[in-house]
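Structural overview
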Number of protein chains: 2
Amino acid sequence: MRASVPLIFDLFSAAPKTQLEYDYDGPSMKTSVPGPRSQNVGAVNFFCNYEESRGNYLVDVDNNRMLDVYTQISSIPIGYNHPALLKLMANPNHLSTLVNRPALGILPPENFPDKLTESLLSVSPSGMTRVQTMACGSCSNENAYKAMFIWYRNKERGHNMPSDEDVSTCMINKAPGCPDLSILSFNGGFHGRTMGCLATTHSKAIHKLDVPSFDWPMAPFPRLQYPLEEFTRENAQEEARCLEETEDVIVKWRQKGNPVAGIVIEPIQAEGGDNHASPDFFKGLRNIARKHGCAFHVDEVQTGGGATGKYWAHEHWGMDDPADIVSFSKKLLTGGYYHKDELQPYRIFNTWMGDPSKNLLLAEVLNVIRRENLLEEVTRSGKALLNGLYDLQAQYPGILSRARGQGTFCAIDICDDATRNSILLKARDKGVLLGGCGDRSIRFRPALIFKEYHVHIFLNIFNDVLAEHK
Amino acid sequence: MRASVPLIFDLFSAAPKTQLEYDYDGPSMKTSVPGPRSQNVGAVNFFCNYEESRGNYLVDVDNNRMLDVYTQISSIPIGYNHPALLKLMANPNHLSTLVNRPALGILPPENFPDKLTESLLSVSPSGMTRVQTMACGSCSNENAYKAMFIWYRNKERGHNMPSDEDVSTCMINKAPGCPDLSILSFNGGFHGRTMGCLATTHSKAIHKLDVPSFDWPMAPFPRLQYPLEEFTRENAQEEARCLEETEDVIVKWRQKGNPVAGIVIEPIQAEGGDNHASPDFFKGLRNIARKHGCAFHVDEVQTGGGATGKYWAHEHWGMDDPADIVSFSKKLLTGGYYHKDELQPYRIFNTWMGDPSKNLLLAEVLNVIRRENLLEEVTRSGKALLNGLYDLQAQYPGILSRARGQGTFCAIDICDDATRNSILLKARDKGVLLGGCGDRSIRFRPALIFKEYHVHIFLNIFNDVLAEHK
């Protein structure tokens, strides 16, 4: 830790105005983690003191204070105990929203459509005028898939009136009522762990093992070389190959009587190892979907909410008509999906269909993002982070490779799985909380309030950890 | 409305001490519903003013005040704006829980296991020592099914180490990694609308239509005659027939290579039409599950939480070992499931895995239930309700039949679908909110604070509506 002190000091004196007032000024470790007060139970990492956590710092029950660059699997948008959110929740006008959870689909609160217009619809992806909230990310994708199946069948029939055979067969899980239709997904993709979602998830065996699945097609996701700008020709070839195979798979599944109703893809494959692809790849894929009559679903559960420097990672593609459905959760605090008019939500229903108390928090998060220009800040911090990772990669070529990212949504590969896991634990004991993804990557998922000086605190500690591994 | 006034007055003067202080004293209608301020949007019934709603009364945006006997599809445990819940949420000590939603599976808050012990585990079903929270009812059932599949495969293997073939095949949705295993469910059952749940749902075509499904078996749920005590012999025969067919189906699916890993059933089929079965039926089914090595999952999403006069409807069976898994949501305010030790949760995971802010509310709901002896009250109100329905059934034999129920979890059949729907709308315009289920039933789903005098307010108004239909 000694080496890092002067640099942190320099940063504080250089940029005192940008420091967050409600944040701590750095990590502070009392014990190794998990400490004595964190009984280790199953998959639990350690127990937390959320009351004492602030801004970018998560405090555990042993009073260890860690710079959080993982943020509850990328789900804390503006840090812990943000004053704006504390103030919001302390407002007695909102008590009723906290204690009376409605069945939103039939008995919404007064002005609910207006509130959606002010919050979720104020950041609608291009071409999408409607949104449906859900309780979590998996439910969002499950229902998005259902919306695509219903849309596809209505298109096949030419209208939305089912036949008597449709009605009678669906009750016993048989076609044509429960049709042989599929969702195409990508190798390395992750879309959740409920049974529909899981049939499109292909990141780790442990997620899928022992659970029955559907005969749905999987296409290759491009395996690009980084930095992207140094390998444009090779990467373009790889993407062309993947698009070609995708189209082959669509044709093949149609021929075997299980046509692709929808294509689902992450703008950056997160759980699967932070795999990027170019705007041209996604434009090509969008065209393939259109050509073959498949709906196009962009899963922004992990990428959405600002971490790439835009509300939606797909905005970096620069398309007017990027998708038919865009799902979200995590940093948006509520699950849900945006959709085009023609993917009518009428038959999508459950008891809660979201939670107005989460929408309330989200509206204030969006206010904070706008007021504090957090997307610009993320872009700035993200550049500092990626440049720092490039420097470290040059310094530790035996350990690090493939630094990559957009905004603060960054990752780097470690030489092997065991070293990766050791680095994660050592960084934690030095006060930096990180997460892994893929086989041997580390993913960086800070909150949107992760400033340049936090980047430098992180880089210093990460450098110390790497020096010990050299 | 005139006919009902004296009776209400009598009730108030007879039992003033039991009236809820925070409740309204009766319905008050300004317009028909939906009124002018409720713009009708798709499936929305009307817009609500949750701030002004109190106890058993839901107030809409036109200031119509309705006695709520449906409670947001059975999901409001102790009425609107209960003072205990308002006080809880106004406590600044809980602000942190409201604004910092953790990834519960890896970074739970301090004392989280203790808090579960005080709340959910304090009402554990017999034989179940563990609970896993989830965000909603569908996610609860999806994950319960996964837990049963994992348990079944470990049992088949004799250990929990997958083979290389398991690992490689699961990544492409193929057996043996994604095995051909099934969940047996019942005709008329409802277990949610995500794709795994939907394959076990057989209540209405509209839920299932156009969504691909699994080749999973469906067994007949007994169609009993009511009142149950008058048809014991006929009903026992019907139940024996259903048990026999269930066993046949299990054998058949095993023979065709898609064995039944688990059986899922509701203690009272709710969405499917409030269909009851006897404790003997469920005991027989439990034995069949044991005999054939299937896990037994009781879905208490709608029945759980006290409306039958016990926390869990399956307690009425009087069994020490009623199930391997019991799922819940709705009145419990959080989704989740209890399970036996051997259905280990280790591989069940997602980002949120529930929400501590909902657990906080639930703990206080359980305090209120105990403090106010609400289960006894429910039993008392339920008797008054069912007796009232019997009386009305005798008075309107051309309209009403098959009155049935346990606690306040009651239902009655109407002569036909059109009359049922007309009665629901007329009751609403007179200030009573009811819900339908099945083809032509009305289900009664009041909160646990629905007292005998609320029963009489309801019966008076229901009588007026029926008189107009006679």
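In this numbering scheme, every chain counts its residues from 1 along its sequence in written order. Naming scheme: in the order in which they are written, chains are lettered from A and ligands are numbered from 1. Restriction of local features to residues with pLDDT of at least 70 applies here, the model being predicted, together with a cutoff of 80 or more for giving and counting side-chain atom pairs; totals for whole chains, interfaces and linings are based on all residues. Side-chain metrics rest on all non-hydrogen atoms present in the structure, leaving aside hydrogens and water.

Chain A appears in an unreviewed UniProt entry as 4-aminobutyrate aminotransferase, mitochondrial from Sparus aurata. What UniProt states about chain A under its Subunit (unreviewed entry) heading is, verbatim, "Homodimer; disulfide-linked." You can read under Cofactor (unreviewed entry) in the UniProt record for chain A the words "pyridoxal 5'-phosphate". UniProt positions are given in the numbering used here, feature names are shortened, and annotations may be inferred rather than shown by experiment.

Some remarks on the overall build of chain A
Put simply, DSSP marks the helices as runs of H or I at least four residues long and the strands as runs of E at least two long, and each gets a number from the N terminus on. Secondary structure summary: chain A contains 15 helices and 14 strands in total. Computation of the radius of gyration draws on C-alpha atoms, with the globule rule given as 2.2 Å multiplied by the number of residues to the power 0.38. Taking 470 residues into account, the globule formula puts the C-alpha radius of gyration at 23 Å, and chain A, at 23 Å, falls close to it. Along the longest, intermediate and shortest principal axes, the C-alpha atoms of chain A span 75 × 60 × 40 Å. Counting over 470 residues, chain A shows a buried share of 66%. In short, Shrake-Rupley with a 1.4 Å probe defines the accessible areas, and a residue's cover is counted only from the protein chains shown. When the accessible surface of chain A is totalled, it reaches about 16500 Å², and 51% of it is carbon and sulfur. Under this rule, positive means Lys or Arg and negative means Asp or Glu; His and the chain ends count for nothing. Note that the charge is assigned to NZ on lysines, CZ on arginines, CG on aspartates and CD on glutamates. Averaging the coordinates of the 49 positive side-chain charges in chain A and doing the same for the 55 negative ones gives two points 1 Å apart. Think of it in three bands: with a 1.4 Å probe and only protein chains considered, a residue is buried below 20% of the maximum accessible area for its type, exposed above 50%, and partly exposed in between.

Quick look at the sheet that holds strand E6 (residues 260–265) of chain A
Residues and elements named next belong to chain A. On the basis of which strands lie adjacent, the open sheet formed by seven strands has the order E3-E9-E8-E7-E6-E4-E5 and mixed pairing. Of all strands in the sheet, those bounded by a partner on one side alone are strand E3 (130–134) and strand E5 (218–219). By definition, two strands form a pair when at least two bridges between them are found by DSSP. In this structure, E3 lies alongside strand E9 (residues 335–339), joined through five bridges in antiparallel fashion. Bridge assignment links Met-134 to a residue of E9, and that residue is Gly-335.

Things to note about the packing of aromatic side chains
Centres within 6.5 Å are what make two rings of Phe, Tyr or Trp a pair, Trp counting through its six-membered ring; a difference in plane orientation under 30 degrees is then read as stacked, over 60 as edge-to-face, and the rest as tilted. By the definition in use, this model includes 33 aromatic pairs over all chains. Ring plane angle 20° and centroid distance 4.1 Å describe the contact between Phe214(A) and Phe214(B), whose orientation is recorded as stacked. Here the residue Phe214(A) occupies a position in the loop between helix H9 (205–208) and E5, and Phe214(B) occupies one in the loop between helix H9 (205–208) and strand E5 (218–219), the pair thus bridging two chains. The pair formed by Phe214(A) and Phe214(B) is uniform in burial state, with each residue classed as buried. With a centroid separation of 5.0 Å and an interplanar angle of 25°, the aromatic rings of Phe458(B) and Phe462(B) are classed as stacked.

Let's talk about the nonpolar core
Formed by 286 residues in total, the largest nonpolar core has its most connected members in Ile263(A), Leu434(A), Phe444(A), Phe458(A), Leu434(B), Phe444(B) and Phe458(B). For this analysis, residues touch if any pair of their heavy atoms sits within 4.5 Å. Apart from the residues lying within four places of it in its own chain, the contact partners of Phe444(B) are Val69(B), Leu385(B), Leu389(B), Thr408(B), Phe409(B), Cys410(B), Ala411(B), Ile412(B), Leu434(B) and Phe458(B). Here, nonpolar core means buried Ala, Val, Leu, Ile, Met, Phe, Trp, Tyr and Cys residues that are tied together by side-chain atoms lying within 4.5 Å of each other.

A closer look at the state of the cysteines
All names here are of chain A. Working definition: a disulfide is two cysteine sulfur atoms within 2.5 Å of each other. Summed over all chains, the structure comprises zero disulfides over all chains. The thiol sulfur of Cys-178 is not disulfide-bonded, and the nearest other cysteine sulfur, from Cys-170, lies at 5.5 Å. Using a relative accessible area of 4% as the deciding quantity, one classes Cys-178 as buried.

Quick notes on the interface of chain A and chain B
Between chain A and chain B, the contact holds 96 residues from the first and 96 residues from the second. A combined buried area of about 8800 Å² lies between chain A and chain B, and 63% of that area is made up of carbon and sulfur atoms. Glu110(A) is paired through a salt bridge with Arg37(B); the nearest N and O atoms lie 3.0 Å apart. Think of a polar contact as two N or O atoms within 3.5 Å of one another; within protein, one of them needs to be a possible hydrogen donor and the other a possible acceptor, and neighboring residues in sequence only count if both atoms come from side chains. If you look at where chain A meets chain B, you find 48 residue pairs in polar contact (both at pLDDT 80 or more). A quick way to say it: buried area is the sum, across both parts, of accessible area lost when two parts are put together, with a 1.4 Å probe. Here, a salt bridge means any Lys or Arg side-chain nitrogen found within 4 Å of an Asp or Glu carboxyl oxygen.

Examining the side chain of Asn173(A)
Within the secondary structure, Asn173(A) sits in the loop between helix H7 (164–170) and strand E4 (182–186). In this structure Asn173(A) comes out as buried when scored by relative accessible area, which is 8%. Among the polar contacts made by the side chain of Asn173(A), one reaches the main-chain carbonyl oxygen of Ala199(B) at a distance of 2.9 Å. Side chain to side chain, Asn173(A) and Ser213(B) meet in a polar contact 3.2 Å long. Setting aside anything within four residues of it in sequence, one finds Asn173(A) in contact with Cys178(A), Ala199(B), His202(B), Lys208(B), Ser213(B), Phe214(B) and Trp216(B).

Section: the sheet that holds strand E12 (residues 432–433) of chain B
All names here are of chain B. Across the sheet, which stays open at both edges, the three strands sit in the order E1-E2-E12 with mixed pairing between neighbours. Among the strands making up the open sheet, the edge pair consists of strand E1 (57–59) and E12. As paired elements, E1 and strand E2 (residues 65–68) share three bridges and run antiparallel to each other. Note that in E2 the partner of Tyr-57 across the bridge is Leu-67. For helices, the axis comes from a line fit to the C-alpha atoms of the stretch in contact; other axes are also lines fit to C-alpha atoms, and the angle between any two N-to-C directions lies between 0 and 180 degrees. Helix-sheet contacts for helix H15 (residues 452–469) involve E1, E2 and E12, and the interaxial angle to E2 is about 110°.

So, the environment of Phe281(A)
All names here are of chain A. Examined against the element boundaries, Phe-281 turns out to sit in helix H11 (residues 279–291). The class for Phe-281 is buried, based on a relative accessible area of 0%. Counting along the chain gives 112 residues from Phe-281 to Gln-393, while the straight-line C-alpha distance between them is 27 Å.

Describing the environment of Ile369(A)
Residues and elements named next belong to chain A. Among the secondary structure elements, Ile-369 is positioned in helix H12 (residues 356–371). Counting along the chain gives 64 residues from Ile-369 to Gly-305, while the straight-line C-alpha distance between them is 9.7 Å. Filtering out sequence-adjacent residues up to four positions away, Ile-369 remains in contact with Gly-305, Tyr-311, Leu-374, Leu-375 and Leu-448.

A short note on unusual backbone geometry
Along the chain, Ala175(A) connects to Pro176(A) via a cis peptide bond; the corresponding omega equals 5°. Within the fold, Pro176(A) resides in the loop between H7 and E4. Positive phi, close to 50°, is recorded for Asp274(A), a residue that is not glycine. Structurally, Asp274(A) can be placed in the loop between E6 and H11. A relative accessible area of 0% places Asp274(A) in the buried class. Phi at Ile73(B) takes a positive value of approximately 55°, unusual for a residue other than glycine. Examined against the element boundaries, Ile73(B) turns out to sit in helix H2 (residues 71–74).

As for the pairing of E6(A)
Within a regular strand, the side chains alternate between the two sheet faces. Residues and elements named next belong to chain A. Within E6, six of the six residues are buried, leaving the element largely enclosed by the surrounding structure. Here three bridges tie E4 to E6, and the two strands are oriented parallel to one another. In the strand pairing of E6, Leu-184 is matched with Ile-263. Bridge count between E6 and strand E7 (residues 295–299): four bridges; the pairing is parallel. By the bridge assignment for E7, Ile-263 is matched with Phe-296.

With respect to H11(A)
Here the expected span of a helix is defined as 1.5 Å times the quantity of residues minus one. The end-to-end C-alpha distance of H11(A) is 18 Å, a good match for the 18 Å that 13 residues give at a rise of 1.5 Å each. Positioned one or two residues after H11(A), Gly293(A) has a phi angle of 70°, which is positive.

Structural notes on the relation of the copies chain A and chain B
Superposing copies: least-squares fit, C-alpha atoms only, residues required to have pLDDT of at least 70 in both. Relative to chain B, chain A is turned by 180° and slid 0.0 Å along the rotation axis, the superposed coordinates differing by an RMSD of 0.0 Å. This pairing of chains is accounted for by a two-fold axis. When the interface residues of chain A are mapped onto chain B, 100% of them again fall at the interface, so both copies present the same face.

Some words on the pattern of salt bridges
Tallied over the full model, the rule gives 62 salt bridges over all chains. Note that Asp210(B) and Arg347(A) form a salt bridge whose closest N and O atoms lie 3.3 Å from each other. Of this pair, Asp210(B) sits in the loop between H9 and E5 while Arg347(A) is found in the loop between E9 and H12, placing the two residues in two different chains. The exposure class of Asp210(B) is buried, given its relative accessible area of 0%.

Section: helix H10 (residues 232–255) of chain B
All names here are of chain B. Taking 1.5 Å as the rise per residue, H10 with 24 residues should run 34 Å; its terminal C-alpha atoms sit 35 Å apart, in good agreement. Every buried residue belonging to H10 is among Asn-235, Glu-238, Glu-239, Cys-242, Leu-243, Thr-246, Glu-247, Val-249, Ile-250 and Trp-253, and all of these are buried. Immediately beyond the C-terminal end of H10, within one or two residues, lies Gly-257, with a positive phi of roughly 85°.

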